[in-house]
Structures are given as structure tokens and as C-alpha cells.
Amino acid sequence: MIRFWTAEKMETLGKTPLDQLETDAEIKNDVSAQNDLGLEYLHGDNVYRDKQKAFKLFQKSADQGFVKAQENLGLMYLFGIGCQKDYQKAFKYFNMASDSGSICAKYDLGMMYIDGLGTTKNTQLGFEYIKKVADSKDPMAQYQLGKLYLKGIGVQADTKKGLHFLDLAAENEWIDAFVELGTMYMNGTYVKQNYRKALNMFRRANEYECTQAKYMLGTMYYKALGVSKNLKKAIEFFEECSERGHSDASAILAEIYETEFDFKDLKLAGHYTQLSKEQKLHNGGIVEDYGFDMPGGYTGESSVVKKTSSLLQFETLMVFIIAVFCFIHKVRPDLIQKVLDLIM
């Protein structure tokens, strides 16, 4: 899960929040407002989504020393949101925020040390950073620390400690911890297989509308793991996932409509087969907009955007049309990227 930080200025505004933010950010040069307005443009909740504008606002605020904007700018550089990926710059801004006392930036630095992004790989140092943050009872760090202990990354592998920190993260309602523990109980990895506990963990994550939890619940109902087989429920869960861009869910829907007698529908099977292919082409089948696979993992559910299948199909078509046009007219690569950033 990626956490972008707000100064909570939105809660104290006396008139229309967006108008006030724009006034404070652009006219008064209020660094807190610049950060919050950047979040507005990043999420696209009250304005047209503009990742490049969000990036510029974060940068303006960060370069004036606003710590939360430094953290957000580091994330933008880390994942290439509104800019080209630049691990060195991400590391630089996380360092700046960390030096100003940001515990969250220490977490990000720890993850970069673990995978050697923007700095020399040092799993031991990365582990130390993550542990310091986890000791402050941060659930995201507790979750990552649990995974580091389980996998023996930067520390001697210790299953007992790994499960302990995952349990702590779950107690603090960290969604990824629910999914991780649920998957472990379902597969019998590190723990004794227990479908009841797996089902409970996935249901708790589903309360937060977690896409991967829905996918796992659909799998349990489809394969009758700890529950009676219920294709109707399985389809409902898989359809929700498919609408959010989950290619594996789309593939299973194709399988159900092709092979399950009571639900057989070859037209729908063909639709979901094609949709699964398009989703993999568009985003590798990954639901999270800005997920990124690390040993401890900048992965999980992003609240930034959830794309419907129709939007995915539209964007895929637009990318194809633009690519053909640019190839024919020999458009410069940097201009192509700018156009793609605007529509994606």
C-alpha cells in the first residue's frame, strides 16, 4: 500500500476547500496547501486528474522544506508518477524528510536499501530502518518486518517473529497483513493449513474493499476450500476484481463460463478471455496503479485509482492508435511519453 501524505488542511477550511487550496497554494505560496492540492490532482477526486501537475506542486512544496511533500515527491520519483522514475532523486527526498524526523521516510529508505534502489544494496541496514519504524507501532512497517523475518532478508530467518509482526499489523487493521496471513493459512505456508482462519482474514480485508481479498474469497468459493462450492458467490467476487483490472480473475471467469454446466456461456467466456489478455497487456494484470514488487514490498491496494474494464479497453485502444500515428509521423519519443502520461 502506498501512502501519500496530507497536512489535513482540508479539514480546517472555511469555504470551498478546492478554491481555498488553490488560493493558498498559488497566491500565498502556502507549502501545506501546495502539498494538499497536489494530492487533489493526484487522486482526481474533485478535479481532473493530472499527475504532472501533482508532481509540480509536490516539488514546489518539497523544495521549500515541507516534509510531507518531500515524502510524496520521493514516492512520485520512486514509481514514476507524473515524472520519469528516478531512484536517486527518490532516495534524496526520502533522506531529506528522514533528516527532518519523518518516521515514514525512514521506512521508505529502509525499503530502498533492501532492494538497492538509488543506493547500494544493504539488506541489514534496510532491516534496521524498518525495525525502527515498526517499533513505533506503524502497521505498514510491522507488516514488512514480519515478511523480512519470514524470508530471512537482512536478518536471520525467524518464523515465530515473522508471524508475530504480521499478527500485530493485522491487529492494527493493515489490509495487506490480512491478505498475507489469509494466503498463508489457505496454503499452509509457515503455519498449519486452516481454511477457517484464511476465510476470516480475507473477509476482514474485504471490509476495506481490497481487490486481492475479493479474488481470494472467489477462489475459496470456486474451489470449495473450507466452504461449500458456490459459483454464484465466486462469480460475484471475480467480477468485481475483473472490473478493477485483475487479469487472473477475468481468466477464471472465462474458465467458469466455458466449463461449468449451469453457467456455461461461450460468448461470455470469449469476452473474459479477451479482457484478461488486454488487462495483462495494459498493466501486467496488476490491479494497483503504483504497486512495485520488492522483497518486503511496495505492494498492495492503492487508493489512487480503480479502473473499470471499459476504461481499460478504451485506454488500450488509444495507446495503439497513438503508437501507430507516432510511428508513421516519426514523433520524438519524449513527446510520445508526454501524450501517453496525459491519457493514462
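Quick summary incoming for the structure in this document. (Residues numbered from 1 in each chain as written. Predicted model: local features only at pLDDT ≥ 70, side-chain atom pairs only at ≥ 80, totals over all residues. Heavy atoms only, no water.)

A few points about the nonpolar core
Here is a general trend for soluble globular proteins: nonpolar side chains tend to be buried in one another's company.
Here's step 1: In this structure, I130 and F238 are the most contacted members of the largest nonpolar core, which totals 60 residues.
Here's step 2: The dominant element in this core, judged by the number of residues it contributes, is helix α10 (residues 175-187), at 8 residues.
Here's step 3: Dropping the residues within four chain positions of it, I130 is found in contact with Y107, G110, M111, I114, A141, Q144, L145 and L148.
Here's step 4: Formed by 33 residues, the second largest nonpolar core is a distinct cluster that contains L18, Y41, L78 and A90. (Core = buried A, V, L, I, M, F, W, Y, C linked by side-chain atoms within 4.5 Å. Buried < 20%, exposed > 50% of the residue type's maximum accessible area, 1.4 Å probe, protein only. Helix = DSSP H or I, 4+ residues; strand = E, 2+ residues; numbered from the N terminus. Contact = heavy atoms within 4.5 Å.)

Digging into the side chain of K214
Here's step 1: Here K214 is to be found in helix α12 (residues 211-223).
Here's step 2: Only 3.2 Å separates the side chain of K214 from the side chain of E240, close enough to count as a polar contact.
Here's step 3: Not counting chain neighbours up to four residues away, the residues in contact with K214 comprise N206, E209, F237, E240, C241 and R244. (Polar contact = N/O pair within 3.5 Å; in protein donor to acceptor, adjacent residues only side chain to side chain.)

Remarks on the state of the cysteines
Here's step 1: Scanning the model with the defined rule gives 0 disulfides in all.
Here's step 2: Looking at the unpaired C241, the closest cysteine sulfur is the one in C210, lying at 8.6 Å. (Disulfide = S-S within 2.5 Å.)

Topic: helix α7 (residues 123-135)
Here's step 1: Under the 1.5 Å per step criterion, the end-to-end length of α7 is 18 Å for 13 residues, consistent within 8% with the ideal 18 Å.
Here's step 2: Considered for burial, the residues of α7 that qualify are T123, G126, F127, Y129, I130, V133 and A134. For α7, the arc enclosing every buried residue in end-on projection is 160°, short of the 170-degree limit, so these residues lie on one face.
Here's step 3: Where the residues of α7 are buried, they touch α6 (103-115) and α8 (139-151). (Expected span 1.5 Å × (residues − 1). Arc of directions from axis to C-beta.)

Quick look at the pattern of salt bridges
Oppositely charged side chains can pair when the atoms bearing their charge come close.
Here's step 1: Within this structure, the stated rule accounts for 7 salt bridges.
Here's step 2: Residue E209 is joined to R244 by a salt bridge in which the shortest nitrogen-to-oxygen separation is 2.9 Å. One end of the pair, E209, is in the loop between α11 (195-206) and α12; the other, R244, is in the loop between α13 (231-243) and α14 (247-259), and 35 residues separate them in sequence.
Here's step 3: Linked by salt bridges that have partners in common, E209, K214, E240 and R244 make up one network. (Salt bridge = Lys/Arg side-chain N within 4 Å of Asp/Glu carboxyl O.)

Quick notes on the packing of aromatic side chains
Here's step 1: The full count for this structure, using the stated rule, is 10 aromatic pairs.
Here's step 2: When the ring of Y77 is compared with that of Y93, the centres are 6.1 Å apart and the planes differ by 15°; the resulting orientation is stacked. You can see Y77 sitting in helix α4 (residues 67-79) and its partner Y93 sitting in helix α5 (residues 87-99), a full 16 residues away along the chain.
Here's step 3: Relative accessible area serves as the criterion here: at 6%, Y77 is assigned to the buried category.
Here's step 4: Relative accessible area serves as the criterion here: at 5%, Y93 is assigned to the buried category.
Here's step 5: Every member of this aromatic cluster is reached through a ring pair, and the members are F55, Y77 and Y93. (Phe/Tyr/Trp six-rings, centres within 6.5 Å; stacked < 30°, edge-to-face > 60°.)

Looking at α12
Here's step 1: Taking 1.5 Å per residue as the helical rise, α12 with its 13 residues ought to reach 18 Å, and the 18 Å between its terminal C-alpha atoms agrees with that figure.
Here's step 2: Looking at the buried residues of α12, the elements they touch are α10, α11, α13 and α14.
Here's step 3: In the stretch just after α12, A224 is the one whose phi turns positive, near 55°.

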